[in-house]
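Structure assessment
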Amino acid sequence: MTDMHHNEIQDYQADPELVKALGRVAVFMGGDSAEREVSLKSGKAVLAALQSAGVDAFGVDVRGCLLKTVEDPDFDRVFIALHGRGGEDGTLQAILSQAGIPYTGSEMLASALAMDKLRTKYVFEGCGLPTPKFRAMTAEDEAGRIMAELQPPLSVKPAHEGSSIGIRKVRTESELVEAYRAAAAMDDLVLVEEWVEGPEFTVSLLQDRALPAIGLSASTDHAFYDYEAKYLADDTHYRIPCGLAPEDELRLQQLALDAFRVVGCRTWGRVDVMQDADGRFWLLEVNTVPGMTDHSLVPMAARAAGIGFDELVVRILRDTLEDANA
């Protein structure tokens, strides 16, 4: 796959007045979650892009107590490139808000909600947005009931992990029990939902605008677009244009915007969607701090819209000025 940071969209330099207004920027990355390694890659890419655009930025590998990050800050604002628990779940957002430090992305409530895949689905369902049928699973002995209530195959996943970590596809009660055990070892809340057979799409959102949708397909070695397909494999296929008819892509983009708004997200993010054999779209989840690695989807969608990587990260950061002046 080509390097999306160096392509035909080059030589972006942020406006000097904007650079001055942004001040000193800390890029928070790393963290202690299961997504630490991906976060470090995202953070380093964001940091390099900000510096390339002329922004006074430096990296911070956040470990341990998050309160320490705001004790004596030597920065004016934060670009959050932390994935998973601690950085994407509202905890850091609450601390930065309390300290009066502007930060990128969604605020505490939306971050916490989007990180909880189960409760996000309750919101989708309550707002009349299409999402696959689902159940919360809290014990192994619930497997029989869940298999009877849902139509297999099923997807089993930890409710609070990202990057497709811990997801398994199951068809039988015994497989469900085994998948539950694995997911429960990572999370006290396990989500089971009906598996939608069909193409997967992702829609990136930037400043209340849906970017071109991307169609996803893993190689034959992957049953679905899993962690390895996302971050490690070089044979994952990304379709952009996504392959949908224009009116269907518009419908998909609007659904993603609706999902983003009902969760309460702001500035940027990504919504993952499946399409079934009848052409219906089904919402899977909302990501409030998507990956920004060389395999990542938001930069790919932005590039298709004529926005290079450096400009993308500056635009995300620029919204923190509006937040500070609100």
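Residues numbered from 1 in each chain as written. Predicted model: local features only at pLDDT ≥ 70, side-chain atom pairs only at ≥ 80, totals over all residues. Heavy atoms only, no water.

Here is the rule: UniProt positions are given in the numbering used here, feature names are shortened, and annotations may be inferred rather than shown by experiment.
Labelled according to an unreviewed UniProt entry, the protein chain appears under the name D-alanine--D-alanine ligase, originating from Marinobacter pelagius. According to UniProt, the comment filed for the protein chain under the heading Subcellular location (unreviewed entry) is "Cytoplasm". The annotation that UniProt attaches to the protein chain under Sequence similarities (unreviewed entry) is "Belongs to the D-alanine--D-alanine ligase family."

Remarks on the overall build of the protein chain
In plain terms, the rule: In DSSP terms, a helix is any run of H or I states spanning at least four residues, a strand is any run of E spanning at least two, and both are numbered starting from the N terminus. Any two residues whose heavy atoms approach within 4.5 Å are treated as being in contact. Each accessible area is a Shrake-Rupley estimate made with a 1.4 Å probe; only the visible protein chains count as cover when residues are assessed.
Regarding its fold elements, the protein chain presents eleven helices and twelve strands. Across the protein chain, contacts joining residues at least 24 apart in sequence account for 71% of those joining residues at least 6 apart. As displayed, the protein chain has an accessible area near 13,700 Å², and 49% of this comes from carbon and sulfur atoms.

As for the environment of C242
Put simply, the test is: Note on classification: 1.4 Å probe, protein chains only; a residue is buried when its accessible area is under 20% of the maximum for its type, exposed when over 50%, partly exposed between these limits.
Within the fold, C242 resides in the loop between strand 10 (237-239) and helix 9 (246-263). Taking the relative accessible area as the measure of exposure, C242 reaches 2% and is therefore buried. C242 sits 29 residues away from A213 along the chain, and the two C-alpha atoms are 5.8 Å apart.

Let's talk about unusual backbone geometry
Between P152 and P153 the backbone carries a cis peptide bond, its omega angle lying at 5 degrees. Take P153: it is sitting in the loop between helix 6 (143-149) and strand 5 (154-158). Of the consecutive residues I240 and P241, the connecting peptide bond is found in the cis state with omega at 5 degrees. Mapped onto the fold, P241 is located in the loop between strand 10 and helix 9.

Things to note about helix 3 (residues 91-99)
The cut-off we apply is this: As used here, the arc belongs to the directions running from the helix axis to the C-beta atoms.
Listed as buried for helix 3 are L92, Q93, I95 and L96. Angularly, the buried residues of helix 3 cover 165 degrees about the axis, an arc narrow enough to put them on a single face. Contacts made by the buried residues of helix 3 are with strand 1 (24-30), strand 3 (77-80) and helix 4 (108-115). Note on helix 3: the residue one or two positions beyond its end, G100, has a positive phi of about 75 degrees.

Quick look at the side chain of D276
Quick reminder of the rule: Whenever two N or O atoms come within 3.5 Å, that pair is a polar contact, provided that in protein one can donate a hydrogen and the other can accept it, and provided that, for residues adjacent in sequence, both atoms are side-chain atoms.
Its location among the elements puts D276 in the loop between strand 11 (268-275) and strand 12 (281-287). Polar side-chain contacts of D276 include one of 2.9 Å to the side chain of R280. A polar contact of 2.9 Å, which involves the side chain of D276, links it to the side chain of W282. In contact with D276, not counting residues within four places along its chain, are V196, E197 and W282.

Some remarks on the packing of helix 5 (residues 117-126) against helix 9
Under the convention used in this document: Where helices are involved, their axes are fitted lines through C-alpha atoms of the stretch in contact, as for all axes, and angles between N-to-C directions lie from 0 to 180°. Roughly parallel refers to an angle under 35 degrees, roughly antiparallel to one over 145, roughly perpendicular to one between 65 and 115, and oblique to any angle outside these ranges. Take the far helix as the reference: if the near one is turned anticlockwise from it by less than a right angle, the crossing is left-handed, and if turned clockwise, right-handed.
It is the contact of helix 5 with helix 9, at a shortest axis distance of 10 Å, that shows an interaxial angle of 110 degrees. Classed by the angle they form, the pair helix 5 and helix 9 counts as roughly perpendicular. In this structure, the crossing between helix 5 and helix 9 has a hand that is right-handed. For the pair helix 5 and helix 9, contact is made by T120, V123 and F124 and by A259, V262 and V263, respectively.

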